[in-house]
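# Residue-level structure breakdown
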Amino acid sequence: MHLPHPSFAATLFLVFTAAYLAIRGVFARRTRRAKAVSRADLRDRLLILLVGAGQVALPCIVVTQPVLAFASRPQPDACTLFGAVAMLAGLRLFWRSHADLGESWSVTLELNADHRLVTEGAYRHVRHPMYASFLVLGTGQALLVANWIAGLAGLAAVALLMAVRLPREEAMMIDRFGDQYRDYRRRVGAILPRRRLRAA
Ligand code: SAH
(Lines give C-alpha, C1' and ligand atoms only; values in the text may rest on other atoms or scores of the structure.)
Protein backbone atom coordinates (compact mmCIF):
# COMPACT_ATOMS: atom_id res chain seq x y z
CA MET A 1 0.00 0.00 0.00
CA HIS A 2 1.21 3.46 -0.82
CA LEU A 3 1.10 5.92 2.05
CA PRO A 4 1.28 9.54 0.95
CA HIS A 5 4.07 11.57 2.52
CA PRO A 6 4.12 15.33 2.04
CA SER A 7 5.87 16.02 -1.27
CA PHE A 8 7.96 19.15 -1.78
CA ALA A 9 4.94 20.96 -3.28
CA ALA A 10 2.74 19.86 -0.37
CA THR A 11 5.36 21.02 2.14
CA LEU A 12 5.47 24.40 0.42
CA PHE A 13 1.67 24.57 0.65
CA LEU A 14 1.79 23.81 4.40
CA VAL A 15 4.43 26.51 4.98
CA PHE A 16 2.47 29.14 3.00
CA THR A 17 -0.71 28.17 4.84
CA ALA A 18 1.06 28.66 8.18
CA ALA A 19 2.14 32.13 6.98
CA TYR A 20 -1.45 32.88 5.90
CA LEU A 21 -2.81 31.91 9.32
CA ALA A 22 -0.07 33.89 11.09
CA ILE A 23 -0.89 37.07 9.10
CA ARG A 24 -4.60 36.64 9.85
CA GLY A 25 -3.83 36.01 13.54
CA VAL A 26 -1.73 39.16 13.90
CA PHE A 27 -4.31 41.44 12.25
CA ALA A 28 -7.30 39.79 13.95
CA ARG A 29 -5.71 40.55 17.33
CA ARG A 30 -5.13 44.17 16.32
CA THR A 31 -8.74 44.72 15.27
CA ARG A 32 -10.46 43.12 18.24
CA ARG A 33 -13.11 45.66 19.20
CA ALA A 34 -16.88 45.77 19.49
CA LYS A 35 -18.66 46.43 16.21
CA ALA A 36 -21.65 48.77 15.98
CA VAL A 37 -23.44 47.24 12.98
CA SER A 38 -23.62 43.54 12.24
CA ARG A 39 -25.12 41.64 9.34
CA ALA A 40 -23.36 38.49 10.46
CA ASP A 41 -26.15 35.95 10.00
CA LEU A 42 -25.99 32.16 9.83
CA ARG A 43 -25.48 32.29 6.06
CA ASP A 44 -22.35 34.43 6.40
CA ARG A 45 -20.98 32.32 9.26
CA LEU A 46 -21.47 29.13 7.23
CA LEU A 47 -19.61 30.74 4.33
CA ILE A 48 -16.68 31.58 6.63
CA LEU A 49 -16.59 27.96 7.82
CA LEU A 50 -16.71 26.71 4.23
CA VAL A 51 -13.83 29.00 3.18
CA GLY A 52 -11.78 27.81 6.19
CA ALA A 53 -12.47 24.20 5.22
CA GLY A 54 -11.67 24.74 1.54
CA GLN A 55 -8.58 26.91 1.99
CA VAL A 56 -7.01 25.25 5.03
CA ALA A 57 -8.60 22.16 6.64
CA LEU A 58 -9.28 19.95 3.61
CA PRO A 59 -5.99 20.55 1.71
CA CYS A 60 -3.91 20.22 4.91
CA ILE A 61 -5.60 16.88 5.69
CA VAL A 62 -5.28 15.58 2.14
CA VAL A 63 -1.55 16.36 1.81
CA THR A 64 -0.74 14.69 5.14
CA GLN A 65 -3.24 11.79 5.33
CA PRO A 66 -4.12 8.98 2.92
CA VAL A 67 -7.56 10.32 2.04
CA LEU A 68 -9.22 11.20 -1.30
CA ALA A 69 -6.37 9.35 -3.04
CA PHE A 70 -8.70 8.53 -5.98
CA ALA A 71 -8.63 12.23 -6.90
CA SER A 72 -4.85 12.65 -6.81
CA ARG A 73 -3.02 13.93 -9.86
CA PRO A 74 0.64 14.09 -10.95
CA GLN A 75 2.67 17.12 -9.85
CA PRO A 76 4.83 18.56 -12.67
CA ASP A 77 7.68 20.86 -11.56
CA ALA A 78 6.16 23.78 -13.47
CA CYS A 79 3.01 23.51 -11.31
CA THR A 80 5.14 23.66 -8.17
CA LEU A 81 7.04 26.70 -9.43
CA PHE A 82 3.98 28.68 -10.54
CA GLY A 83 2.08 27.57 -7.46
CA ALA A 84 4.78 28.95 -5.16
CA VAL A 85 4.85 32.24 -7.10
CA ALA A 86 1.05 32.53 -6.84
CA MET A 87 1.08 31.80 -3.09
CA LEU A 88 3.77 34.43 -2.48
CA ALA A 89 1.91 37.03 -4.56
CA GLY A 90 -1.37 36.14 -2.81
CA LEU A 91 0.19 36.39 0.65
CA ARG A 92 1.66 39.78 -0.21
CA LEU A 93 -1.72 41.12 -1.36
CA PHE A 94 -3.45 39.53 1.66
CA TRP A 95 -1.03 41.24 4.04
CA ARG A 96 -1.27 44.53 2.12
CA SER A 97 -5.08 44.62 2.21
CA HIS A 98 -5.16 43.78 5.93
CA ALA A 99 -2.65 46.56 6.62
CA ASP A 100 -4.60 49.06 4.49
CA LEU A 101 -8.00 48.13 5.95
CA GLY A 102 -6.68 48.38 9.52
CA GLU A 103 -9.47 48.66 12.08
CA SER A 104 -12.11 48.58 9.34
CA TRP A 105 -11.48 44.84 8.84
CA SER A 106 -13.91 42.24 10.08
CA VAL A 107 -14.11 38.51 9.35
CA THR A 108 -17.84 38.95 8.68
CA LEU A 109 -20.27 41.69 7.63
CA GLU A 110 -19.79 44.34 10.30
CA LEU A 111 -19.09 48.06 10.72
CA ASN A 112 -17.46 50.06 13.51
CA ALA A 113 -19.38 52.93 15.11
CA ASP A 114 -16.84 55.32 13.54
CA HIS A 115 -16.17 53.14 10.48
CA ARG A 116 -13.54 54.56 8.14
CA LEU A 117 -14.09 54.03 4.41
CA VAL A 118 -10.73 52.94 3.00
CA THR A 119 -10.00 53.98 -0.60
CA GLU A 120 -6.21 54.17 -0.44
CA GLY A 121 -3.36 51.66 -0.78
CA ALA A 122 -4.61 48.44 -2.38
CA TYR A 123 -8.18 49.85 -2.13
CA ARG A 124 -7.20 52.57 -4.59
CA HIS A 125 -6.88 49.95 -7.32
CA VAL A 126 -9.67 47.47 -6.46
CA ARG A 127 -12.59 47.46 -4.04
CA HIS A 128 -11.96 43.90 -2.82
CA PRO A 129 -8.21 43.27 -2.69
CA MET A 130 -8.59 40.75 0.14
CA TYR A 131 -11.02 38.61 -1.87
CA ALA A 132 -8.72 39.08 -4.88
CA SER A 133 -5.86 37.76 -2.72
CA PHE A 134 -8.02 34.70 -1.89
CA LEU A 135 -8.38 34.02 -5.62
CA VAL A 136 -4.60 34.26 -6.12
CA LEU A 137 -3.97 32.05 -3.07
CA GLY A 138 -6.61 29.62 -4.36
CA THR A 139 -4.77 29.42 -7.67
CA GLY A 140 -1.56 28.65 -5.75
CA GLN A 141 -3.40 25.95 -3.81
CA ALA A 142 -4.76 24.39 -7.01
CA LEU A 143 -1.21 24.25 -8.41
CA LEU A 144 0.54 22.97 -5.24
CA VAL A 145 -1.98 20.44 -3.90
CA ALA A 146 -1.80 17.43 -6.21
CA ASN A 147 -5.42 16.43 -5.69
CA TRP A 148 -8.30 17.62 -7.84
CA ILE A 149 -10.77 17.97 -4.96
CA ALA A 150 -8.53 19.44 -2.24
CA GLY A 151 -6.65 21.55 -4.79
CA LEU A 152 -9.76 23.25 -6.16
CA ALA A 153 -11.64 23.45 -2.83
CA GLY A 154 -10.22 26.88 -1.95
CA LEU A 155 -11.20 28.49 -5.26
CA ALA A 156 -14.67 26.91 -5.15
CA ALA A 157 -15.34 28.15 -1.60
CA VAL A 158 -14.05 31.65 -2.36
CA ALA A 159 -16.16 31.84 -5.55
CA LEU A 160 -19.24 31.04 -3.46
CA LEU A 161 -18.23 33.56 -0.78
CA MET A 162 -17.87 36.25 -3.40
CA ALA A 163 -21.13 35.41 -5.17
CA VAL A 164 -23.13 35.53 -1.93
CA ARG A 165 -21.31 38.07 0.18
CA LEU A 166 -20.10 40.71 -2.23
CA PRO A 167 -23.53 42.19 -3.07
CA ARG A 168 -24.52 42.15 0.62
CA GLU A 169 -21.24 43.78 1.67
CA GLU A 170 -21.61 46.54 -0.91
CA ALA A 171 -25.26 47.13 0.08
CA MET A 172 -24.07 47.53 3.69
CA MET A 173 -21.39 50.01 2.60
CA ILE A 174 -23.93 51.99 0.55
CA ASP A 175 -26.34 52.09 3.52
CA ARG A 176 -23.54 53.58 5.61
CA PHE A 177 -21.60 55.72 3.14
CA GLY A 178 -24.21 56.48 0.45
CA ASP A 179 -22.88 58.44 -2.53
CA GLN A 180 -19.33 58.26 -1.20
CA TYR A 181 -19.34 54.47 -1.76
CA ARG A 182 -21.39 54.72 -4.98
CA ASP A 183 -18.80 57.10 -6.37
CA TYR A 184 -15.95 54.79 -5.22
CA ARG A 185 -17.71 51.89 -6.96
CA ARG A 186 -18.01 53.91 -10.16
CA ARG A 187 -14.31 54.73 -10.20
CA VAL A 188 -12.74 51.50 -8.94
CA GLY A 189 -13.16 47.90 -10.17
CA ALA A 190 -14.24 45.08 -7.85
CA ILE A 191 -11.44 42.55 -8.33
CA LEU A 192 -9.47 43.78 -11.34
CA PRO A 193 -8.13 47.33 -11.67
CA ARG A 194 -10.13 49.42 -14.08
CA ARG A 195 -8.47 51.80 -16.48
CA ARG A 196 -8.56 55.20 -14.87
CA LEU A 197 -11.44 57.40 -16.00
CA ARG A 198 -10.07 60.71 -17.19
CA ALA A 199 -11.82 63.91 -16.28
CA ALA A 200 -13.58 65.23 -19.39
N1 SAH B 1 -14.19 43.08 0.65
C2 SAH B 1 -12.99 43.70 1.18
C3 SAH B 1 -12.90 43.62 2.69
C4 SAH B 1 -13.07 42.24 3.27
S5 SAH B 1 -13.24 42.27 5.06
C6 SAH B 1 -11.79 43.10 0.50
O7 SAH B 1 -11.93 42.07 -0.16
O8 SAH B 1 -10.69 43.65 0.62
C9 SAH B 1 -14.99 42.58 5.21
C10 SAH B 1 -15.30 43.88 5.96
O11 SAH B 1 -14.55 44.93 5.42
C12 SAH B 1 -16.74 44.30 5.81
O13 SAH B 1 -17.50 43.82 6.88
C14 SAH B 1 -16.70 45.83 5.80
O15 SAH B 1 -16.97 46.32 7.09
C16 SAH B 1 -15.25 46.15 5.52
N17 SAH B 1 -14.99 46.87 4.26
C18 SAH B 1 -15.12 46.41 3.01
N19 SAH B 1 -14.71 47.34 2.10
C20 SAH B 1 -14.30 48.42 2.83
C21 SAH B 1 -13.75 49.70 2.52
N22 SAH B 1 -13.51 50.05 1.25
N23 SAH B 1 -13.45 50.52 3.54
C24 SAH B 1 -13.67 50.17 4.80
N25 SAH B 1 -14.18 48.99 5.19
C26 SAH B 1 -14.49 48.13 4.22
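Everything discussed here concerns the structure shown above.
These notes cover the structure that comes with them. (Residues numbered from 1 in each chain as written. Predicted model: local features only at pLDDT ≥ 70, side-chain atom pairs only at ≥ 80, totals over all residues. Heavy atoms only, no water.)

Further remarks concern the overall build of the protein chain. When you go through the protein chain residue by residue, the secondary structure sums to six helices and two strands. Order of helices (α) and strands (β) in the protein chain, N terminus to C terminus: α-β-α-α-β-α-α-α. In terms of C-alpha radius of gyration, the protein chain reaches 18 Å, essentially the compact-globule figure of 16 Å for 200 residues. The principal-axis extent of the C-alpha atoms belonging to the protein chain is close to 65 × 40 × 25 Å. Taken over 200 residues, the protein chain has a buried fraction of 44%. (Helix = DSSP H or I, 4+ residues; strand = E, 2+ residues; numbered from the N terminus. Rg over C-alpha atoms; globule rule 2.2 N^0.38 Å. Buried < 20%, exposed > 50% of the residue type's maximum accessible area, 1.4 Å probe, protein only.)

It is worth spelling out the site of the ligand at this point. What surrounds the ligand is a group of 21 residues, the closest being E110, V118, Y123, H128 and E169. H115 is positioned with one of its side-chain polar atoms (N or O) 2.9 Å from a nitrogen atom of the ligand. Protein coverage of the free-state accessible area of the ligand, which is 540 Å², stands at 99%. For the shell around the ligand, the elements supplying multiple residues, two or more each, are β2 (110–111), α4 (129–144) and α5 (148–177). (Near = heavy atom within 4 Å. Polar contact = N/O pair within 3.5 Å; in protein donor to acceptor, adjacent residues only side chain to side chain. Areas by Shrake-Rupley, 256 points an atom, 1.4 Å probe, with all protein chains shown as cover.)

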